[in-house]
Structures are given as C-alpha cells and as structure tokens.
Amino acid sequence: MPIQVLMPALSPTMEKGNLAKWLKKEGETIKSGDVIAEIETDKATMEVEATDEGTLGKILIPEGTADVAVNTPIATILADGESAADLAKAPAAPVPQPKAAEAPAAEAKAEAPQPAAKVPAAPVSEALPDPEIPAGTEMVTQTIREALRDAMAEEMRRDGDVFIMGEEVAEYQGAYKVTQGLLQEFGARRVIDTPITEHGFAGVGVGAAMAGLKPIVEFMTWNFAMQAIDQIINSAAKTLYMSGGQMGCSIVFRGPNGAAARVAAQHSQDYAAWYSQIPGLKVIAPYSAADYKGLLKAAIRDPNPVVFLENEMLYGHTGEVPKLPDFVVPIGKARIARAGKDVTIVSWAMGMSYALKAADELAKEGIEAEVIDLRTIRPMDTETIINSVKKTGRAVTVEEGWQQSGVGSEVASRIMEHAFDYLDAPVARVSGKDVPMPYAANLEKLALPSVAEVVAAAKAVSYR
Amino acid sequence: MATPKKTVAKESGQEKAGSPPEFSREQELKALRDMLLIRRFEEKAGQLYGMGAIGGFCHLYIGQEAVVVGMQMALKPGDEVITGYRDHGHMLACDMEAKGVMAELTGRRGGYSRGKGGSMHMFSKEKHFYGGHGIVGAQVSLGTGLAFANRYSGNDNVSVTYFGDGAANQGQVYESFNMAELWKLPVIYVIENNRYAMGTAVSRASAQQDFSKRGVSFNIPGKQVDGMDVRAVKAAADEATAWCRGGNGPIILEMQTYRYRGHSMSDPAKYRTREEVEKVRHDQDPIEQVRNRLLAAGVSEQDLKAIDAEVREIVNAAADFAQHDPEPDPSELYTDIYR
C-alpha cells in the first residue's frame, strides 16, 4: 500500500510550516535517509528525510505553500512493485490520540465535553510517634558529635551495605571529629577518604546507591555541597520518579549546615529551605542529642535520599540519649520541646536555642510559650503545628536562614491555610537578616536572630 | 595497594594495526540484526515525532549503532550500562523491549518509566541499564559509583559508562577519573566522539581532541577505536573488559563515530555540510559494512531482507503499542516520589 508522507513537526512547539522546496520529483527513487524536501519554520529551514523507501508517487502540497499544518499529507511514496494506479489506496493515516486515562468512576457521568481529569490529592505523610522509652532506661550524657558517631557505627554494624565516604572522614578522624574511631572499627573499605571533589564523590555515592549500597556521604560543610547540588537533586531525588519506581536511591548526605562562627559569607549559610523544596528528598535538621542519634539512624535506614543538616556550633553540646539497643526516631514527626498555652514558637536545629531561651524569658513575664522542634523539614509535620496554634492562637517562627522563601514562610503559610480562623494575630517570622554573613563580630551578631528578637516577636503577636 | 601488572598497551593514540579480527557468520548476523533494530527503531521514533506522538526532546542514535552493539557483544550478564540522553540505542542493545522504550517516548503507561521519564530518562534494573541521564556528564560520576559498588561487593562486573565528546569537557568527568584510578574501579569510559557537541565541532570546543588521552594525567590508559566498524568495537571492548576484570582499574575507549541526524529533532544543521553527512553514510555506514561482508561471504540478499523484515515487524508493533497504550492514570502523579 502506498505510504503517505506527512508534514512533520520539527520542534516541540511547531504547529505549521512553509513547504519551501521539493528536492525530489515525482517518479524519483527514494532511499531511507534521503532529503526529500525543505521546510521553513519560525526558527529555521530544515530538511525532511525520507524514512521509507520506494518511488515518490505524488506530491500533494506544491513547493511554496505557506502555513501547512503538521500532519497534513504532503506526498505519497510507492513501495516496490506499486504504480500510480495504487495511489488512491493510500490511507489517511490518522494519528491516534492518546486515550486520556479515565477520571475516577464517581465523576464519569458521560457528559460532553469530558472534564479534564481531576488532579488527584497529594498524599499526606503520616509519621509514627517517637519510640517509647521504658521507665528506668539509662540515659547517657553525650555530645552531639558522639551521638552521630554512635548512630553511624550502630548502623554499619547492622548492615554491611552501609559505608561512609567524604573528605577527611577516615585517617584524619573527621574534619569535625564526627567519624572518630570509625576507620579503626570498620576499616578502609567502609570508611573512605575522598579527594576534594564534592561534585564527583556525590555522584559516585549516588551511583553506588543506585546499585543497591547505602552510602553516607559526608560534606565537610553544606556550603561545599553546592558543587554537588546537581547530583543531589537531579540524580538522587528524581530518579525514583523518572524510573517509574524501579530505581531508588538509599543515601544520606550529611554535614554541618548554617552559620558557624566568624567564617563569613561563603561558609555560613542555612540550606534547609533550599533542599526542603525538592520532592523526592527528605530533609532533617535536629537539635537535641537524642534526636541527632535517633534520626540519623532512621535516615540511614530510609530507602530514600535524605539530606541531614547538622550544626557545627552544636557538635560539642551534650544531651541525654537513651541507652537502648536500637533507638530510632521516626522521620517526619515534630516534637513539643516545651508545652505552653499562650503562643506557639516553631523552630528547628540551631533556631531552637533561641526559641527555648526566649521561652524562659517569656515565662518570667507570665507568657507560657509552646515550643515546637520541627526536627524534620520535609515531610513537615503540619498536624503538630496546627494543633498547637489552635490552642494558642498565636505563632512565631525562628530560623537562622534568610526570610524570603524560607522555612518560616512555609510554616506561616500552612498555619494560614489550616488555622486562619484560630489566629488572633498575624504569624511573626524571626530569621537571619537579608545579607551575606559578615565577618566582623558585631555585624555577625546583628545578622543572626537573637533571643531578644524572639521575645519581642512573641510579645508582639500576644499584643503585650 | 600494589600496582597490578598492566596487560593493555599503555600508549594512547591511534592504533591502526590492520583490520580487526574477523567475526564468525553468527556474530556478523547478530551484529547486523541488532544494529538494524536500532536504526529502524530510531527512524520510526523520528517519524512518530514528526506526527506529534512524541514530545519534547528526542535524540536519535542513527549512525552510531556499531558502538553499543559492539560493546554489548563483549559484556556478560551483570555488567552495568549507563549513558546520557542519546540513549535509545543503548537500551535496545541491553535487550530492553522495543515496546517499552517506544511507549516511554510517547509518554504512555506501558513505558519503562510508566510514562514519567520520557526519552532521556529510562531504566531497567533487570537488564542492568542505569539510565538515561539528561544532565550532560552526570552519568560519568554515577557510572563510576556503579563500579565502586562492584568493587565494594567483590563481584567481577564492569560498569560501562558512555558519554559524548561534549560531556568529556565537564569537570566531574575528571573528578571521577581521578577516583576511579585511585581506587582501581572496574569502569570502561566509552567516549562516543560523534564530532559534534550539539552544534559545536570538537575542534571548536576541545583543547585536546584525542579523547583517548583524556585520562593521561590520571594514568588511565586509552585507545581510539573505529566506532563505525562493529568488529573493531568488539575487539576493543574485549580488551577493556579483561583489563577491568583483571583488577587494573579504569580504561578509556574513544569511539570515533558519527551522528547522521540532528542533535535533537529541531536542528537546522548549519554547522556541517550535507556532503559531509553523505560521505560518512556512503563510505562508513556501520550497517552497510556488515551487509557487504555478509553478501561477499555468500549470504543471500533474501536472507538479509528477512532480517530486515523481522526487525521492522518488532518496530511496527512497538510503534503501534506506543500509540494505543493509554496515558498514565492521573493517580500516577503522586506515585514513585518516595518508597
């Protein structure tokens, strides 16, 4: 049967074009790959190659014709043994339109025109409660640095596929001593010093995870991970979706995040908001020593890519960690760090130190603040925030990061969406100032949030 | 770590030591069939794109078929393959089904990524094909990571990591080279030099145009290979896999090849002449080379036509499926984000 040549779409946006020139005449032999015509689009003149072989039977659209719609038959090709008499047999070659998947049965009331498929509801993540700590459990006082090390060591003992790689994690024992002792216990096969090549070793980690291993990739600080952000977002976070669920990536990217002390703009930045935007990533930023341990263990076991944001200033802080054989804190669950009835303060990571001190100050003035430690930024525990705001009617967010498009802004939006009618005052945001971090001690202090700012914000939303 | 004994010629550069080892008739027929499948598939994909059935970007592999087919003939089950966005040929060579690949191109639920990845993002864990990556050069670090996993697990699989002459200028390629040699990872870096990074000729983008030398400062051996001759590719791949399985670390194969079609579909092709394309097609076409050898060896035209017919049938069935399979269910919008 003769084959129809259709006006091709030569770009994703082309709807019509001009048939500028025919390069083959009727009756000429055509081989696959031969250029048969030239077409002008709004972008360029392009050549049309034949994909079938035979003889050019009939030219249906003469050269010089403008605005020929895509998919219009422009010529007919006769296969071997066919003649002009067969031309009439050419099929119209309709393009089958994709069958739009059926809308849910409840809405399929065969009324024309068909409504566009309804956007399905986004799934709501439900986190499990914290593990029960049996009465009488021994509490160990340890630094956050030790809690992190213990979490990694326990998971490495538990699962041979877990390994750690990064700059100075092995022989140097960790740039911030977080990996102290791991090389001695697990050896150089599983505790791997990398060259200073964040982009490269992040990609190597993701590739190893795609092959089924469970890497912990340490960035000396998250500032340097900007070199690797493409691999974190485009490769780690998106592959499960782009592979239709076939190929996931169980990997933890961890390291110190946020402002340290007197290291200026390139080394003092909070990435919580950046990574929290990405579907496919989980983002954790704990404050207490117990949460650092329990959440890092959860992150290592999680089958998804996890961004684990630590804080250098907190590494030396101590806290009580329950001495349990397997203490895992669920991802995605906020913690009420201090109960109160007058105002809700939502924070996480280093922001919690301002929030808790402010709550002490406020208590002296008769304001009982409820302080929520988010712990996980994505997925965010909206429920805990909303339940608190419904009780207090007032909310303040506290973060070291910048205000524009920050995590505090996200929290404020969720409160507005879910508890607007309960609010007695607009939500207040306390944040880092809208400047690159300065070096001078006095300016650096001004650039960061302060306890006084949190107290002032809490009083402002309480109209006191 | 002791330095293993090198068993492959260390010197980079052109090795034109006569013609490559002959193929058996069986090998010739397999190579012909596999290359034809890719070519017919890509021609059909181009056609479907022209009809509006395929959207977005669509990078065709026509002209480069000998590279993936020759490489694949040297691999064993378990070896991983990873590449960039010009990936349809690699998938077919890995024995992924034409139907599933084509249906992904049309964005249907029967596609390898259930319609959510498209031309540049397809995977098959079963066939050890690790994508399909849209960011130029990203697959080089990832492929090095696959090799890392092989080494970590103590198996003898090799990661075959493909990238183009354009990607070869990306920084992470060299970060990966460094780690691969440092840790002696079993990875074959296959640089498919098709002479143009999109519209930029190699001579306009690359200070070192001999890509086999790109590993010199890391002590990674390299070799230039006639990527239009499937026998030469297979021979180089045999050496390279033996090198990697022998614990010698990475190796680079520069495949000198050519893409007949545009970079993607909307390519005005102002950067090269029609004559240049025609000349390569006429003188070096990888499929014609095998066909001519088979005909000279006494295989009948009819037998070859039968292969073509078999391949066309697969491709037509794939195209038919890809146009009639439904789009993904709306509920798929929110699946596969987390496991």
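Preceding this section is the structure that the text describes.
Note that the coordinates shown come from a computational prediction; the quantities given were computed from them, not determined experimentally.

**Student:** Whenever I open this one, the overall build of chain B confuses me. Can you help?
**Tutor:** Per the secondary structure count, chain B includes eleven helices and seven strands. Relative to its length of 339 residues, chain B is compact, with a C-alpha radius of gyration of 20 Å against a globular reference of 20 Å. Along the three orthogonal principal directions, the C-alpha set of chain B runs to about 60 × 55 × 40 Å. Expressed as a percentage of the 339 residues in chain B, the buried residues total 61%. Long-range contacts, defined here as pairs at least 24 residues apart, represent 76% of the contacts in chain B between residues at least 6 apart. Accessible surface for chain B amounts to roughly 12,500 Å². Of this, 51% is attributable to carbon and sulfur atoms. With 41 positive and 45 negative side-chain charges, chain B shows a separation of 3 Å between the mean positions of the two kinds.

**Student:** Help me understand the packing of aromatic side chains, please; the structure alone is not making it clear to me.
**Tutor:** Each aromatic ring pair is characterised by the separation of its centres together with the angle its planes make. Under the defined criterion, the tally for this structure stands at 21 aromatic pairs over all chains. Centre to centre, the rings of tyrosine 292 of chain A and phenylalanine 308 of chain A are 6.2 Å apart; their planes meet at 65°, and the pair counts as edge-to-face. Of the two residues, tyrosine 292 of chain A sits in helix α7 (residues 289-301) while phenylalanine 308 of chain A sits in strand β15 (residues 305-310), which places them 16 residues apart along the sequence. Like phenylalanine 308 of chain A, tyrosine 292 of chain A is buried. Ring centres of phenylalanine 148 of chain B and tryptophan 183 of chain B lie 5.9 Å apart, and the angle between their planes is 65°; on these two criteria the pair is classed as edge-to-face. Placement of the pair is phenylalanine 148 of chain B in helix α5 (residues 138-153) and tryptophan 183 of chain B in the loop between α6 (171-182) and β3 (187-193), with a sequence separation of 35 residues. Accessibility assignment for this pair places phenylalanine 148 of chain B and tryptophan 183 of chain B in one class, buried. Among the aromatic residues, ring-to-ring pairing joins Phe201, Phe219, Trp222, Phe253, Tyr271, Trp274 and Tyr275 of chain A into one connected group. The residue whose ring lies beneath arginine 262 of chain A is tyrosine 439 of chain A, and the NZ or CZ to ring-centre distance is 4.2 Å.

**Student:** Sorry if this is basic, but what is going on with the packing of helix α1 (residues 25-50) of chain B against helix α11 (residues 301-324) of chain B here?
**Tutor:** In a pair of packed helices, the angle between the axes and the distance between the axes together describe the arrangement. All names here are of chain B. At a closest axis distance of 9 Å, the pairing of α1 and α11 adopts a crossing angle of 40°. Between α1 and α11 lies a crossing whose hand is right-handed. Each of Leu29, Leu32, Arg33, Leu36, Leu37, Arg40, Phe41, Lys44 and Leu48 in α1 lies in contact with α11, whose residues at this interface are Leu304, Ile307, Asp308, Glu310, Val311, Arg312, Ile314, Val315, Asn316, Ala319 and Gln323. Of the residues in the contact of α1 with α11, the class split is twelve nonpolar, two polar and six charged.

**Student:** Any chance you could explain the environment of glutamine 47 of chain B here in plain terms?
**Tutor:** Residues and elements named next belong to chain B. The topology assignment puts glutamine 47 in helix α1. The exposure class of glutamine 47 is partly exposed, given its relative accessible area of 24%. Along the primary structure glutamine 47 and glutamate 332 are separated by 285 residues, whereas in three dimensions their C-alpha atoms are 28 Å apart.

**Student:** Just to check I follow, could you spell out the pattern of salt bridges for this structure?
**Tutor:** Side chains that differ in charge, positive against negative, can pair when their charged atoms come close. This structure, assessed with the given rule, holds 57 salt bridges over all chains. In this structure, the salt-bridge partner of glutamate 332 of chain B is arginine 114 of chain B, at a minimum N-O distance of 3.3 Å. Linking glutamate 332 of chain B in the segment after α11 with arginine 114 of chain B in the loop between α4 (98-105) and α5, this pair joins segments that are 218 residues apart in sequence. On the accessibility criterion, arginine 114 of chain B (30% relative accessible area) is partly exposed. Between aspartate 283 of chain B and lysine 279 of chain B there is a salt bridge, and its shortest N-O distance comes to 2.6 Å. Of this pair, aspartate 283 of chain B and lysine 279 of chain B both sit in helix α9 (residues 274-284), four residues apart, roughly one helical turn. Relative accessible area serves as the criterion here: at 54%, lysine 279 of chain B is assigned to the exposed category. Among the ionic contacts, a cluster of salt bridges with common partners joins Glu154, Glu155, Arg158, Lys293, Lys297, Arg301 and Asp326 of chain A.

Procedures and definitions
- Residues numbered from 1 in each chain as written.
- Chains lettered and ligands numbered in written order.
- Predicted model: local features only at pLDDT ≥ 70, side-chain atom pairs only at ≥ 80, totals over all residues.
- Heavy atoms only, no water.
- Helix = DSSP H or I, 4+ residues; strand = E, 2+ residues; numbered from the N terminus.
- Rg over C-alpha atoms; globule rule 2.2 N^0.38 Å.
- Buried < 20%, exposed > 50% of the residue type's maximum accessible area, 1.4 Å probe, protein only.
- Contact = heavy atoms within 4.5 Å.
- Areas by Shrake-Rupley, 256 points an atom, 1.4 Å probe, with all protein chains shown as cover.
- Lys, Arg positive; Asp, Glu negative; His and termini not counted.
- Charge placed at Lys NZ, Arg CZ, Asp CG, Glu CD.
- Phe/Tyr/Trp six-rings, centres within 6.5 Å; stacked < 30°, edge-to-face > 60°.
- Lys NZ or Arg CZ within 6 Å of the ring centre and 35° of its normal.
- Axes fitted to C-alpha atoms, helices over the stretch in contact; angles between N-to-C directions.
- Left-handed = near helix turned anticlockwise from the far one by under 90°.
- Nonpolar A, V, L, I, M, F, W, Y, C, P; charged D, E, K, R; others polar.
- Salt bridge = Lys/Arg side-chain N within 4 Å of Asp/Glu carboxyl O.

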